[in-house]
Amino acid sequence: MSAVEAYARLLAARAGAAQPVASVRHVHLSERPLVLVPLTMAGEANAPLAALVGTDERAPALLVVGQPRDRALRFAFASELAGILLAHVERCAAAGTEPVKPPKAAARQQPATAPAGRGAGRAGAAAGGLGGAPAGADAAGTGEQGTDGPGADWEAEAAPEPAEPVRFLDAPQVLVPNRAGIDFVRLFGRSTRFRATTGEHAVPAAVPVLGRWLTYLAGRAEHPGSASLVAMTEALTLHWATGQSALEDANLAALMAWIDPPAGLSGPEAALLAEDPVRWPPAGPATDPQFDNRVLAPAIRAYDAAAAGQAGSGGGDERLGEALAEIQRVARTQLEPTWRLMWRAVDRLRALPAAASAPRRWERDRARFTAYYSYLRDSDGGLPQARRDGAVAAARRLGALERELAEYEADRAFDDPLVLAGHRVTGEAFVGTVVGADRERRRPNERGSLVTRPLVQLRTVDPARLATGTRVRSPARPGQTGVTLAVEPADDGFLVVLELSGGMGRSKVPPPGSVPKVGETLAYTSLLVEGAFSAGLPAPEDTPWTHGGPPSPYEPAEQDARELWE
Amino acid sequence: MSVTGAGARVTGAGGRLESPAAAAERVITAILADFRSGRHRGVVVDSPPGAGKSTLVVRAATGLAVDGERLMIVAQTNEQVDDLVEKLAVALADQAPDLRVGRLGRAGYVPPPRLDGLPNVVVGSDLKSLADPDITVATAAKWAYVRDSAWRWAIVDEAYQMRSDALLAIARLFEQALFVGDPGQLDPFSTVENDRWRGLTWDPMQSAVAVLLRSNHDLPVHNLPVSWRLPRSAERVVADAFYPFTGFRTGNDDGDRRLTFTGRGSAGDLAGGVPAGGVPARGAGAGAVDDVLDVAAATGWGLLELPPRYTLRTDAEAVRAVADVTRRLLARGAVASALDRRDEHPVTAGQVAVGAAHRDQVAAIRAALGELAGDVVVDTANRLQGREYDVTVVLHPLSGRRDATAFHLEAGRLCVLASRHRQACVVVARAGIRELLDTHPSHEPVHLREPVRFPDGWAANQTVLAQLERHAVRL
C-alpha cells in the first residue's frame, strides 16, 4: 500500500466515508456496457447456476440451470448466454468503423507474428499430464488444444501496428462484480471453446463461439488498462479508498456501502449491514451456504423429482415448469441486489470525468476487438485459443503486458494529480516552481555538433529523490524530456536542475513558451514509457533447444471433443 | 591453514585433504572438459558469491580464442559487460596479443575510461563496425538485436539473473553454451503478476537456467566449491542460509581477514545530533556506532539494533544510523588485511558499499551521506549483485516493517546484501524482526509442476538473524 493510499484509508476511517484516490475516471465506460452477474453451484467447479445479464438496468435477462450437474443443461445455459453476448458483439461491430492510420514506419520490423505458429501443440504432450491446474474446472477439458494456437499467438502478439486497415468504433465491454467474476468468465470460456458441434456430445453451434469470446475477454482483462472485461470492485477501489481492509473491499456491497451509503447511515454502519448475506447476498459467483442448504437444495431436488417424473411417465411438463420457475425465483433473490449495485456503481463512476488517456486505451481494446472479430471470420482462422502459451507466445505476451503496465502507470500519473501525489511521496515525481531558466543554452552532443539544451531550475518542497541523469517529463509538457543534472538540498526542500530536450522546434533559439518560464509551477515525473525490450523473438516453429525446441504442430483430432458426459 | 578447519569440510578424491585452490582447480578442469567435449549443448556452473565466476569465464573464453575459435559472451548489465571486456583484454594481452575483444554497445555507447587505450578492444554498436573480433561481448538485450550471425560457442554470465524470455531471444545465435551464475542471488523479476504460465517448463518469468534445465534434463551442472571473496566468518552464515544443499568453503581461514582501526576520528563525523561546534567528544549514538564497528572488526559481522518501531520505508533514524556507521568506519581509518592474499590496505570510501532493498531508501541514504555519497557506493540489492567491497553496511530489508512480503523475504535479496564483503558486514535494523518473521510465515501458494525454490526466504532470514543476533549492539 502506498503512503497516499494508507493516508486516504485513515481519512476514510475517520470520516466514515470513502475518500477519493483519483480525480478522474481511469476506466473507460461504454455507453451500454454489458453487465454480467454470474452464480455458480457450490461443490462443482465453475458449474453455472444462474446469471443476470444485459445492457439495460430495467430489463436484465435471467438465465438459470435447473440441475447444474447436468452437462446438457449447462451447455443449454451456455447457448442462451451466447445468444446475448454474441448479439452484443455484433451490435458493437455494427456501430461502424474508422480508418486506421498506417503505421509510422512501415519498414519497422514486425516481430514474426502473423499467422505464425499455426497450431503447435507440443505442450499438449509435455504438459498433458498436468490435468489443468484448476482441474475439474473444465472436467470437460479433454478437448485440449496444444499450445500456441494461432489465436493465442495472435492475442499475445503486441505489435503496435494495427492488424486491420479499419477499427470498429465500439467494442464489447463486460462488467462483472468482482475478480472471481473474471475467473468465472475465463473458466467458462475454457470449458466451452473446445466443444464440438457435431458428433457425439454435440453442443449448440453458438457455444464454442461463446467460449472463444469469453476467452478473448478474460485475456483482455490481463492487460493493464484494458476495459473490455472489468471487475467492478477493482474499478471502484482504483478511485476510492475505504476505511476497511482490501479483503472487505472485494465485497461489492460493503465497498458500495462506503462509497455510496444509504441516507442516514455512515460508511461503516452501512458496510456492517452489507455483510448480512440475507439482506445483501454475495455478489457471486459463489453463493451463500445458508441459501444453498435451505433454499437452493430443496428447489433443485424438486426439479430433479419433476424431471424424473417426466422421464418416467411421459407428461409432467407442468410440474417441471413449476420447479424451474421456483429456481428462477430463488436465483433472482440472490442476483437482483447485486444487479442494482452494479448499476449504481456504474453511475458513480460515470459521474467522474474521463481521464485524458482513457480513450487511447479503449482504442487499443477496439483494435484488438476488430482483429479478433475478423480472425473468427477468417477462412483459415477461428480456431479456439490455445490452452497454454507456447514458449514464444508466453514471452511475447509477457513483454506486451509489461509494456502496457508501464504505460498505464505513467498515463495515470500524468492524467491525475492524486495519482501523481503517490509518486511525489516516493520521490519519483515532484512539483516545483521554476526559479531559473537558461532558454538559449547550447552544448555539443556526442557527435560534437551544437544542440539546444535549455536549463531550468525548479525549487520544490517535495522529497525529490531523483538520481542525476534521470529522465523526467511533465504532464503539462508531454513532448519535452528533462534530464536531472543536479538535485541539491535547498532551504526547506530541493533545487532541481533539468536539462530539457524536445518540444522546442528546430530553430536555434527555442520559441517563447516552449521552455518553462520563471514563476511557472510544474510537475515532473520519472515514470516514463521507455522503449521496452521487444527485439526479435523467434517464430514458434524456431523455438530453440534451450526452451524445448519447436513444438509439434497441432492437428485437430476427433477425440479433442471427447469427454465424460455423465 | 589449520588441518581441522579444512578437513571437516571438503575432502578430495581418495579422502586426502585438498587445499581450496586444488579443489577449485579440479572442478574448473572438469567444467572446461565438459564444455569443450562437444557432448553437451549446455553446461551449467553454479557459483556461490565470489567463487571466481569471472575468472572461469575469462579462462574458458581465452582458452577457446587461443585455440582459434570465435565465441560470443552474454552478460546482463552494461557494467558486467565492461568488467568482462577489461578482464578479457588483460588476459588476452598476455597470452595472445593479436586477438581482439569486441564490445558491442548500444548506439551512442561511450566506453568507460578503463576500457580506453586497451589496444586489443574494439567498440561498436553493430557487428560490422567490430570487424569480426575473436570474442564478442554484449548484454543480452543487445544480443537480441543481432541478426544473421551465429557462433559455435557462447558463454552466458550471470545466467541466473537472466529471464528465460531473454534467453529465448538470443538462443538462435549459438550452438553450445556455458551458463555461469549464482543461484543464491536475486531471481529475475517482472512487474507483471500473472499465473498463467505457472508450471510450464518455459515459464518466461523463471530464470534462464531454470528453464534450460527443465527443458534439458541431461545437462551437466557443476558447483564451484570455494568462495575467494567472503571471509571465513561469513562461510557458515551464507552457506547455511542460502546454499544449504551444495554449501561452499572460503579460501581463507580463521584470522586471515582482519579489520583494524588506526584512528578514532572525531564526533563531528556523526550527522546524528551533534551540532557543529561539537559538544561532548562523542554523541549519544557514537558509542554504539563505534561498538558495532569494533564487533564487526573482531567477528566479521555487526548488527546495530535500533529500538523497535513501525516506520515508513525511508526510516529517518535507521537511515541516519547507516550513514553514521559508514562515516565512522572511514573516519576511524579502517585498515583491511587479508593474509590469504598477502594484502593490506586502508579501507577507502570506494571500498565501502551500502545496500538497501528499495530505491527510495538508497536515495535517502545517499542524501544522509552528503559528500561521501560520491565515493561510497550506495545501491539496491539488485544493482549490487556481482560486486564486492571490503566492508558493507546494510539496511535490513525487514527493518521497521509491519509485514513481511515476498519481496522483503526473498532469500536472494538478503543473500546479495550479506555476501558482498571481503572483511566485514554491518547490518542496521530495528529490533523486532524476529517477531515479524514469526507472525508472517511464508504462505506463497504452491503451483503444480513448478519447482519449489530453495532455500525458502523465511527460513533464510531466520538463519541469518540467528547469527546476527550474536553480534548485536543496541543503539
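Calculation notes
- Residues numbered from 1 in each chain as written.
- Chains lettered and ligands numbered in written order.
- Predicted model: local features only at pLDDT ≥ 70, side-chain atom pairs only at ≥ 80, totals over all residues.
- Heavy atoms only, no water.
- Helix = DSSP H or I, 4+ residues; strand = E, 2+ residues; numbered from the N terminus.
- Buried < 20%, exposed > 50% of the residue type's maximum accessible area, 1.4 Å probe, protein only.
- Contact = heavy atoms within 4.5 Å.
- Areas by Shrake-Rupley, 256 points an atom, 1.4 Å probe, with all protein chains shown as cover.
- Rg over C-alpha atoms; globule rule 2.2 N^0.38 Å.
- Buried area = accessible area lost by both parts, 1.4 Å probe.
- Salt bridge = Lys/Arg side-chain N within 4 Å of Asp/Glu carboxyl O.
- Nonpolar A, V, L, I, M, F, W, Y, C, P; charged D, E, K, R; others polar.
- Pairing = 2+ DSSP bridges.
- Axes fitted to C-alpha atoms, helices over the stretch in contact; angles between N-to-C directions.

Here we come to the overall build of chain A. Across its full length, chain A holds 15 helices and 17 strands. Within chain A, the fraction of its 566 residues that count as buried is 52%. Considering only residue pairs separated by 6 or more positions, chain A has 75% of its internal contacts joining residues 24 or more positions apart. Of the roughly 24200 Å² of accessible surface on chain A, 54% is carried by carbon and sulfur atoms.

Of regular secondary structure, chain B possesses 17 helices and 19 strands. The C-alpha atoms of chain B give 23 Å as radius of gyration, which agrees with the globular expectation for 475 residues (23 Å, within 12%). When its C-alpha atoms are laid out on the principal axes, chain B stretches across 70 × 55 × 55 Å. Residues counted as buried form 58% of the 475 residues belonging to chain B. For chain B, long-range pairs separated by at least 24 residues make up 76% of all intrachain contacts whose partners lie at least 6 apart in sequence. Summing over all exposed atoms, chain B offers an accessible surface of approximately 19300 Å²; the carbon and sulfur share of this is 52%.

Moving on, we come to unusual backbone geometry. Of note, the amide linkage connecting Gly284 of chain A to Pro285 of chain A takes the cis form, showing an omega dihedral of -5°. Considering the arrangement of structural elements, one finds Pro285 of chain A in the loop between helix H10 (267-274) and helix H11 (289-313). With a phi angle near 50°, Glu158 of chain B is a residue other than glycine that sits in the positive phi range. Classification of Glu158 of chain B by relative accessible area gives buried; the value is 6%. One non-glycine residue, Arg342 of chain B, lies in the positive phi region at around 55°. When you line up the elements, Arg342 of chain B lands in the loop between strand E13 (334-338) and strand E14 (343-346). Under the relative-accessibility criterion, Arg342 of chain B is labelled exposed at 77%.

It is worth spelling out the environment of Glu193 of chain B at this point. Inspection of the secondary structure assignment puts Glu193 of chain B in the loop between strand E7 (174-181) and helix H8 (208-215). Sequence-wise, Glu193 of chain B and Arg41 of chain B are 152 residues apart; in three dimensions their C-alpha atoms are separated by 32 Å.

Now for the interface of chain B and chain A. Across the boundary between the two partners, chain B contributes 41 residues, which contact 37 residues of chain A. Both faces considered, chain B and chain A share a buried interface measuring about 3300 Å² in area, 66% of it formed by carbon and sulfur atoms. Interface area lost by chain B to chain A is led by Leu168, Arg196 and Trp202 of chain B, which between them contribute 23%. Scanning the region where chain B abuts chain A turns up four salt bridges. As a salt-bridge pair, Arg163 of chain B and Glu402 of chain A come within 2.6 Å of each other at their nearest N and O atoms. When grouped by side-chain class, the residues that make up the side of chain B that touches chain A number 22 nonpolar, eight polar and 11 charged.

All names here are of chain B. Taken in spatial order, the eight strands of this open sheet run E4-E3-E5-E2-E6-E7-E1-E8, and their pairing is parallel. With one partner strand each, in any of the chains shown, strand E4 (121-124) and strand E8 (221-223) form the two edges of the open sheet. Averaged over all adjacent pairs, the angle separating strand axes in this sheet is 20°, with direction ignored. Where strand E3 (residues 101-104) lies against E4, four bridges are found, and the strand directions are parallel. The partner of Arg103 across the bridge, within E4, is Val123.

This part is about helix H12 (residues 359-369) of chain B. Owing to its 3.6 residues per turn, the α-helix aligns residues three or four sequence positions apart on the same side. Taken residue by residue, H12 of chain B has Asp360, Gln361, Val362, Ala363, Ala364, Ile365 and Leu369 of chain B as its buried positions. Buried residues along H12 of chain B sit against helix H11 (316-331), strand E15 (352-356), strand E16 (377-380) and strand E17 (389-395) of chain B.

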